[in-house]
Amino acid sequence: MLKSKGCWVNQLLGLFFVLISFLSLAIEKQIGSEGRYSVGQTLTPFEGLKALVIKPESFWGWDAAVFGALHERHFDITYEKPEALEDFGFLSQFDIVASNIRRKFTPKQVENLRRFIADGGAFYGSWGGPMATPDLLKVCKIANPRSVRITGMTLLDNPLSKGIDEREIPFPPIIGHSRSGKWEMVAMTPIEGGIPVAKDADGNILGVLGEYGKGRTAVLGFGPENEKYFAKREVGPVMMDNLLNWLLEHKISAPRKWTGIVEVSLPARTEVKGVFLNGKPATNPQITEFGSLKKIALDLKSVEVGKEATITLTYEPLIDAPNVETVIHMPWGSFPYFIRNRNGTPEMLAEWLKSINATVCQPLLREASGFAYYKGMPEDTISPEVANYRGNFLAEFIDECHKRGIKVIGGIYLESPTTLKRYPDVAVVVRKTGELNTKQACFNNPKGMEYNLETVKNLVENYKLDGVILDDNFELQDYDCCCSYCKEDFRRYCERKGIEFRDPSQISWGEPLWFHWIECKLEATRRLTLSIAEIVHRHNIPFGGWVGVGMRQTHLKEVFDFIGGMVYTTPPRAIRLMLWSLGKCKFICLLWAPNEKPERMEQEFREAIFAGNSAVGFWIYPPGHIGAEGYGGWRMVEGSYEAIARAFSNAEKWWLEFYRENILAGDARFAIIEGKFRRDKMTLKVKNFGKIVSERILGALDLSALEKQK
Ligand SMILES: [Zn+2]
């Protein structure tokens, strides 16, 4: 994932989409020594409040950031399309509605939202919010939303700035892999009664709070839920707390409607055999996976205030295994740099991985140009360092990793040059212009995949990999190809759906048929990945793909055993949305390491564990990569490798802390007054205290059986 500029021309398209999908951000300067965010599951004022998060039209990292911020604060969240707003009965059950990105609502949706707010509901539109819906903006006391590109902002005196002494909020020049002096934010004009919350250097207002009827609104052109935009990240969560406390002031103090449902968690790798309540089998316990946790929902409505209940879970005996995999993604050129600059051998590379406590390693093996870092297809151009190595570098590397208990997942891009040599007529046809992209094969066309399938077959037959992952050029919606094959494919799609076909080149962005066009491409992407999955699965190893953090990509859970997400420009908590919807499909949370401060790397890794991830790692070159010019400008800051080694060595310790704080969730009147975790059975005695408890664990909880595990 993520290519550098320069000679890797064929990767530019992929890079472009990565950049677009992440749009933004930056890290830098300063780090809160111990950010209060993402860490810990202490009870919040928002326990049991109901939030409706509207699915965005554009799937950037922002949609996940809002969800993550609410989920982390224990809101009871529903994630729905805006059509859901048309049922007022449905809408009226929520305490807050959150919408992000430039969402456009229909008149009926606006009218229901207006009524919802007037009746006392809260509405939050972040980073753009309902920019294209003037009627709703009026309810929110703003007009004239517009984009601005700025380097920072000044917080004004208002409920959001409570407890924040430093009002100047500069934005950092680099966020993850993104660099920019100026970041896109949304400016707006407050109308009467609107409370401005921040301004830029030109005096443009960047956010407005409002009251309407009995309800409250906030539209912010910057998102406090994504603190990676702020040089001082720690102000983000403070602003977010202030925002939610203000929006929901009346809801927080009002009596809560408790559900009587609690969630008890086990490690995700547990295979549950039985669920018992007071010794009797529970009726239909709902069991779901959320990253590193297996959640069992139990109905405790019958447990009255002041009463206790005993929950018993039985499962297959747990064996020693990590609850969090520690992953190193080694990008393009890692093998050659390692060989060239250190006289590196497979043994040395595997030993380095072991020294930093990695359990999984994911080298990129093939470029989109067909350039390979292993001995594969006869047509391949192989990296000279690998070609001249006396043995078989990849095969030996896999063996050396296996000797050390490290798994190796091979990463590959789909290629075009050899394919186009074989079938010149399978080039992508750009939808808008009708022009041929002679460098890019259409992977929707089976001929465009023929050679790619051969390369995958060759790879898994010749190397003892523990898995295969596609790098990020396989998602067909990113190409907007309108070749004759894709047109025919869309015609068949329309027939199946019973909708009227029109030539895709005539469809404009945003019209109903546009969404079908995208859906058709998503369907084709599933078909394409399935054809590879069949080959990989013949070797009984898992298959996955790298995607952006936005939600659209979760459709791939039908095909992939695991999805890898590049969590570079959003905080790790954004992954909660993916984990919440992926279920059994695993997720690798990949963090950005080059040019990053070592202490921040450690902190982000910890945050990623506390967001629920069961596999966390870094995009990083192994030692031997010199960095700076000629290497894409990516550089490992001194101390980075040591930071990763420390972070990885703490993975299980931090996971256990996370587990302890999540062992009981849901209805916040319940707390554990006694409990014991065994290898094959867990017993928890819980009590209904009748109001939000001060802590979830109020008695002795013995987790020593888990502590003994590696
Ligand atoms: Zn095509």
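Reading guide: rules and limits
Per chain, residues are indexed from 1 in the order of the written sequence. Side-chain atom pairs in this predicted model are given and counted only at pLDDT of 80 or more, local residue features only at pLDDT of at least 70, and totals for whole chains, interfaces and linings cover all residues. Secondary structure counts use DSSP, requiring at least four H or I residues in a row for a helix and at least two E residues in a row for a strand, with both numbered from the N terminus. Just to be clear, the radius of gyration here is over C-alpha atoms, and the globule rule we use is 2.2 Å times residues to the power 0.38. Whether a residue is buried, exposed or partly exposed is read from the other C-beta atoms within 10 Å of its own C-beta, which are placed from the backbone; 20 or more gives buried, 12 or fewer gives exposed, and intermediate counts give partly exposed. Once C-beta atoms are placed from the backbone, any two residues with those atoms within 7 Å are in contact. Residue ranges assigned to the domains are those given by an automatic or database domain assignment. Here, any two strands with at least 2 DSSP bridges between them count as paired. Here an angle of 0 to 180 degrees is reported between the N-to-C directions of two axes, which are lines fitted to C-alpha atoms, with helices fitted over the stretch in contact. For every residue, the pLDDT score states the predictor's confidence, bounded by 0 at the bottom and 100 at the top. Put simply, a nonpolar core is buried Ala, Val, Leu, Ile, Met, Phe, Trp, Tyr and Cys residues tied into one set by C-beta atoms within 7 Å. In a helix, the anticipated span is given by 1.5 Å times the number of residues less one. We call two directions roughly parallel when the angle between them is under 35 degrees, roughly antiparallel when it is over 145, roughly perpendicular when it lies between 65 and 115, and oblique otherwise. Note: crossing handedness is left-handed where the near helix turns anticlockwise from the far helix by less than a right angle, and right-handed where it turns clockwise. Gly counts as polar in this scheme, as do all residues outside two lists: the nonpolar Ala, Val, Leu, Ile, Met, Phe, Trp, Tyr, Cys and Pro, and the charged Asp, Glu, Lys and Arg.

**Student:** Talk me through the overall build of the protein; I want residue IDs and the actual numbers.
**Tutor:** Scanning the protein from terminus to terminus reveals 20 helices and 33 strands. Against the 2.2 N^0.38 benchmark of 27 Å for 710 residues, the protein shows a C-alpha radius of gyration of 26 Å, consistent with a compact globule. Relative to its full complement of 710 residues, the protein shows a buried share of 51%. Contacts in the protein between residues far apart in sequence, at least 24 positions, make up 76% of those at least 6 positions apart.

**Student:** Residues and numbers for the domain arrangement of the protein, please.
**Tutor:** By a widely used convention, the size of an interface equals the accessible area lost when the partners come together. Entries for the protein in the domain assignment read domain 1 (9-30 + 49-253) and domain 2 (415-463 + 472-538). The centre of domain 1, based on its C-alpha atoms, is set 35 Å off from the matching centre of domain 2.

**Student:** Before we move on, can you summarise the sheet that holds strand E29 (residues 615-619) with the specific residues and values?
**Tutor:** Hydrogen bonds between backbone groups are what pair the strands of a sheet, and the pairing can be parallel or antiparallel. Read around the closed barrel, the eight strands follow the order E20-E21-E22-E25-E26-E27-E28-E29; overall the barrel is parallel. Each neighbouring strand pair of the sheet contributes to a mean axis angle of 25°, computed without reference to strand direction. Where strand E28 (residues 586-592) lies against E29, four bridges are found, and the strand directions are parallel. If you follow tryptophan 592 over to E29, its bridge partner there is tryptophan 619.

**Student:** Would you mind going over the confidence of the model for the protein in detail, with residue names and values included?
**Tutor:** Of all residues in the protein, 91% have pLDDT values of 70 or greater, and the mean over the chain is 89. In this model, residues 2-40 is a region of pLDDT below 50 whose contacts with residues beyond four sequence positions or in other chains number 97 contacts.

**Student:** Can you explain the nonpolar core? Please cite residues and give values.
**Tutor:** Core analysis: the largest hydrophobic core is formed by 205 residues, its most contacted members being Ala51, Ile96, Leu353, Phe587, Cys589 and Leu591. For this core, the domains that each give at least three residues are domain 1 (9-30 + 49-253) and domain 2 (415-463 + 472-538).

**Student:** Please give an account of helix H8 (residues 334-342) that cites residues and values.
**Tutor:** Along H8, the positions that sit buried rather than exposed are Ser334, Phe335, Pro336, Tyr337, Phe338 and Ile339. Structurally, H8 contributes buried residues whose contacts are with strand E20 (325-330), helix H9 (346-355), strand E21 (360-366), helix H10 (384-388) and helix H11 (393-403). Just beyond H8, the residue with positive phi is asparagine 343, at close to 50°.

**Student:** Help me get a handle on helix H4 (residues 107-118), residues and values and all.
**Tutor:** In this model H4 runs 16 Å from its N-terminal to its C-terminal C-alpha over twelve residues, within 8% of the 16 Å that 1.5 Å per residue would give. Gln109, Val110, Asn112, Leu113, Arg114, Phe116 and Ile117 are the residues of H4 that are buried. Structurally, H4 contributes buried residues whose contacts are with helix H3 (88-91), strand E3 (96-100), strand E4 (122-126), helix H5 (134-139), strand E12 (205-212) and strand E13 (215-220). One or two positions beyond H4, positive phi appears at glycine 120, with a value near 115°.

**Student:** With reference to specific residues and values, describe the sheet that holds strand E31 (residues 670-677).
**Tutor:** Here six strands make up an open sheet; going across it, the order is E16-E15-E19-E32-E31-E33 and the pairing mixed. If you trace the sheet from one side to the other, it starts and ends with strand E16 (280-281) and strand E33 (697-702), each paired once. Pairing of strand E15 (residues 272-277) with E16 involves two bridges; the strand directions are antiparallel. Opposite phenylalanine 276, over in E16, you have proline 281 as the bridge partner.

**Student:** Talk me through the environment of tryptophan 655; I want residue IDs and the actual numbers.
**Tutor:** By secondary structure assignment, the location of tryptophan 655 is in helix H19 (residues 651-662). For tryptophan 655, a count of 24 C-beta atoms within 10 Å translates into the label buried. Dropping the residues within four chain positions of it, tryptophan 655 is found in contact with Ser292, Asn323, Val324 and Ile609.

**Student:** Explain unusual backbone geometry to me, using residue names and the numbers behind them.
**Tutor:** The phi angle at lysine 141 is positive, at roughly 65°, despite the residue not being glycine. By the secondary structure assignment, lysine 141 is in the loop between H5 and strand E5 (142-150). One non-glycine residue with positive phi stands out, namely aspartate 480, at about 55°. Checked against the element boundaries, aspartate 480 lands in the loop between strand E25 (467-470) and helix H14 (484-497). With 17 C-beta atoms packed within 10 Å, aspartate 480 lands in the partly exposed category.

**Student:** So, the environment of alanine 611: which residues are in play, and what are the values?
**Tutor:** Along the chain, alanine 611 falls in the loop between helix H17 (598-610) and E29. Owing to 27 C-beta atoms within 10 Å, alanine 611 belongs among the buried residues under this scheme. Counting along the chain gives 507 residues from alanine 611 to lysine 104, while the straight-line C-alpha distance between them is 30 Å.

**Student:** Please give an account of the packing of helix H13 (residues 446-462) against helix H15 (residues 512-537) that cites residues and values.
**Tutor:** Remark: H13 packs on H15, axes separated minimally by 9 Å, with the N-to-C direction vectors making an angle of 25°. As summarised for this structure, H13 and H15 are arranged roughly parallel, according to the angle between their axes. At the point where H13 passes H15, the crossing takes the right-handed sense. Together, Met449, Leu453, Val456, Lys457 and Val460 of H13 and Leu528, Ser531, Ile532, Ile535 and Val536 of H15 make up the contact between the two elements. By residue class, the composition of the contact of H13 with H15 is eight nonpolar, one polar and one charged.

**Student:** Which residues make up the pairing of strand E11 (residues 195-199), and what values go with them?
**Tutor:** The pairing of strand E6 (residues 152-155) with E11 spans two bridges and is classified as antiparallel. Paired with leucine 155 across the strands is alanine 198, a residue of E11. With four bridges connecting them, E11 and E12 associate as antiparallel partners. Bridge pairing links proline 196 to valine 208 in E12.

**Student:** Tell me about the packing of H14 against H15, and name the residues and values.
**Tutor:** Where H14 contacts H15, the two axes come as close as 10 Å, and the packing angle between them is 105°. Classified by the interaxial angle, the pair formed by H14 and H15 is roughly perpendicular. Between H14 and H15, the contacting residues are Asp489, Phe490, Tyr493 and Lys497 on the first element and His516, Trp517, Cys520, Glu523 and Ala524 on the second. Each residue belonging to the contact of H14 with H15 can be placed in one class, and the counts come to five nonpolar, one polar and three charged.

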